[in-house]
Amino acid sequence: MASMFRLATPSAHLQLLVAMLRNPGSTGTLLPSSRALANALASAADGADLVVELGAGTGPVTDALLTRLPGVPLIAVELQAALAQRLRHRYPSMDVREATARQVVDSLFDRPGRIVLVSSLPFRSLPAHVASETAHSLCRFLAHSPERKLVQFTYHPRAPFAAPRHLRWKRTSVIWRNTPPAGIWELRLAP
Ligand SMILES: C[S@@+](CC[C@H](N)C(=O)[O-])C[C@H]1O[C@@H](n2cnc3c(N)ncnc32)[C@H](O)[C@@H]1O
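Quick look at the structure, then. Just so you know, these numbers come straight off a predicted model, no measurement behind them. (Residues numbered from 1 in each chain as written. Predicted model: local features only at pLDDT ≥ 70, side-chain atom pairs only at ≥ 80, totals over all residues. Heavy atoms only, no water.)

### Focus on the site of the ligand
Under the convention used in this document: Here a residue is considered near a molecule or strand provided that any single heavy atom belonging to it is located within 4 Å of it. For this analysis, a polar contact is any N or O atom pair within 3.5 Å, provided that within protein one partner can donate a hydrogen and the other can accept it, and provided that sequence-adjacent residues contribute only side-chain to side-chain pairs. Surface exposure here means Shrake-Rupley accessible area, sampled with a 1.4 Å probe, where a residue is shielded only by the protein chains that are shown. Grid points spaced at 1 Å and placed over the protein atoms alone form the basis of the search, with a cavity being a set where a 1.4 Å probe fits but cannot get out and a pocket an open set showing protein on both sides within 12 Å along at least five of seven lines. Lining residues have an atom within 4 Å of a point. Each molecule is checked against the cavity or pocket grid, and it sits inside if more than half of its atoms lie within 2 Å of the grid points. Secondary structure elements follow DSSP: runs of H or I of four or more residues count as helices, runs of E of two or more count as strands, with numbering from the N terminus. As a working rule, the residues Ala, Val, Leu, Ile, Met, Phe, Trp, Tyr, Cys and Pro are called nonpolar, Asp, Glu, Lys and Arg charged, and the rest polar, with Gly in that last group.
Among the 21 residues in the neighbourhood of the ligand, the closest are listed as Ser 33, Gly 55, Glu 78, Gln 80 and Ala 101. Measuring from a nitrogen atom of the ligand, one finds a backbone N or O atom of Ala 56 at 3.3 Å. Calculation on the ligand without its partners gives an accessible area of 600 Å², and the protein chains cover 98% of this total. Counting atoms within 2 Å of the grid points, the majority share of the ligand lands in the largest pocket. Secondary-structure elements contributing two or more residues to the shell around the ligand are helix H3 (24–27) and helix H5 (60–68). Residues of the shell around the ligand, tallied by class, amount to eleven nonpolar, nine polar and one charged.

### Regarding the pattern of salt bridges
The condition is simple: We count a salt bridge whenever a side-chain nitrogen from Lys or Arg sits within 4 Å of a carboxyl oxygen from Asp or Glu. The classification of residues rests on relative accessible area computed with a 1.4 Å probe and restricted to protein chains. Under 20% of the type maximum is buried, over 50% is exposed, and intermediate values are partly exposed.
By the definition in use, this model includes eight salt bridges. Asp 95 is the salt-bridge partner of Arg 97, the closest N and O atoms lying 2.9 Å from each other. On the accessibility criterion, Asp 95 (31% relative accessible area) is partly exposed. Among the salt bridges present, the one from Glu 186 reaches Lys 149, with a minimum N-O distance of 3.2 Å. Of this pair, Glu 186 sits in strand E7 (residues 182–189) while Lys 149 is found in strand E5 (residues 149–154), placing the two residues 37 residues apart along the sequence. A single burial state applies to Glu 186 and to Lys 149, both of which are buried. Overlapping salt bridges, with partners in common, bring together Lys 149, Glu 186 and Arg 188 in one network.

### Observations regarding the nonpolar core
Note the cut-off: What is meant by a nonpolar core is a set of buried Ala, Val, Leu, Ile, Met, Phe, Trp, Tyr and Cys residues, joined one to another through side-chain atoms within 4.5 Å. Any two residues whose heavy atoms approach within 4.5 Å at even a single point are treated as in contact.
Ranked by size, the top nonpolar core spans 29 residues in total, and within it Leu 37, Leu 41, Ala 45, Val 51, Leu 65, Val 118 and Ile 184 carry the most contacts. Looking at this core, the elements with two or more residues in it are helix H4 (35–43), H5, strand E2 (74–77), helix H6 (81–90), strand E4 (115–119), E5 and E7. Among the elements that line this core, the one with the most residues is H4, at six residues. Leaving out residues up to four positions away in the same chain, Leu 37 has contacts with Phe 153, Ile 175, Asn 178, Ala 182 and Ile 184.

### Observations concerning the layout of surface pockets
Short version of the rule: Grid points are joined across faces, edges and corners, and a volume is the space filled by probe spheres set on the points.
Taken as a whole, the largest pocket encloses approximately 710 Å³ of empty space. Residue assignment for the lining of the largest pocket shows that the elements contributing at least two residues are H3, H5, helix H7 (101–107), helix H8 (128–143) and E5. Residue classes in the lining of the largest pocket are distributed as 20 nonpolar, 16 polar and four charged.

### Here's the deal with empty space enclosed by the protein
Per the stated rule, a full pass over the model turns up one cavity of 30 Å³ or more. Taken as a whole, the largest cavity spans an internal volume of roughly 40 Å³. Val 51, Leu 65, Leu 66, Leu 69, Val 72, Pro 73 and Leu 74 are the residues that line the largest cavity. Across the lining of the largest cavity, the residue classes tally to seven nonpolar, no polar and no charged.

### Let's talk about helix H2 (residues 12–22)
Counted only if it meets this: Within this analysis, the arc is defined by the directions that extend from the helix axis to the C-beta atoms.
Listed as buried for H2 are Gln 15, Leu 16 and Ala 19. The buried side chains of H2 occupy one side of the element, clustering within an arc of 100° when seen end-on.

### As for the side chain of Lys 149
With a relative accessible area of 12%, Lys 149 lands in the buried category. A polar atom in the side chain of Lys 149 sits 2.8 Å from the backbone oxygen of Ala 44.

### Notes on the sheet that holds strand E1 (residues 50–54)
What counts, and what does not: Strand pairing is defined by DSSP finding a minimum of two bridges between the two strands. For helices, the axis comes from a line fit to the C-alpha atoms of the stretch in contact; other axes are also lines fit to C-alpha atoms, and the angle between any two N-to-C directions lies between 0 and 180 degrees.
The strand order across the open sheet formed by seven strands is E3-E2-E1-E4-E5-E7-E6, and the pairing between neighbours is mixed. A single partner strand is all that each edge strand has here, and the edge strands are strand E3 (95–97) and strand E6 (167–175). The average angle at which neighbouring strand axes cross in this sheet is 20°, direction not considered. Sheet topology note: the E1/E2 ladder contains four bridges and is parallel. Paired with Leu 54 across the strands is Val 77, a residue of E2. Its contacts with the sheet place H5 against E1, E2 and E4, and it is angled at close to 170° to E1.

Written as C-alpha cells, this is what we have:
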C-alpha cells in the first residue's frame, strides 16, 4: 500500500515546491518540517482531548501526531486543495478540512475539553490581512478557556505574532535539527 502511494503521488518535497511556486506567501517554506521538529510539536500536544493541526501541508507533523497520540481525535486543516487531497489520500479515515484555519477554529469555539492547536501557519509570510484575521481568531479561541493552547513554530527569534495582554507567549524549545532551526512557542491564557 505504501509503495502504491509513492507511485501514485509526487514526493512531499516536489509537492511543497509546486505549492511554494503557486502560493509563496501562504506556503512559507520550500522544506517540510524535519522529524525532530514534528516530534517536538506532537509531544507538546500530550494530554489533549482534541488536536487541530493548522497548515498540515504534506503531512510531516500529521504523521508525528498520529504516532504520538493514537486514539486522540485529530482534525487536519489545509487551505491548498492539492495538499488537502494528498492528506486525504494518505489518511483516508482522518478528518481533513480544506478550509482556512480561521473557519475551522471559529467553528470549534464552543467545543469543551483540552483542545490543542498545533500550527505550522507561516504568519510572517501570510498576506497581512490574513495573518491578522487568523491571529485574532486564534486569540479569541484561546481566551475562552484555560484548557486550550496554541503550539506554533517560527524561524524568527520573536514570538510568532503579537497577542493581547490576557494571553501569554512562552518559547518552550529550539529545534536545531531543522532547516532552518525553529523555535517552538506556546500561547495560552495568562495565569
Ligand atoms: C510552512 S507550510 C507547513 C507544512 C507542514 N505542516 C510542515 O510542517 O512541513 C504551511 C502550510 O499552511 C497552509 N496554510 C497557509 N495559510 C493557511 C490558512 N489560512 N489556513 C489553513 N492552511 C493554511 C499552507 O498551504 C501550507 O501548506
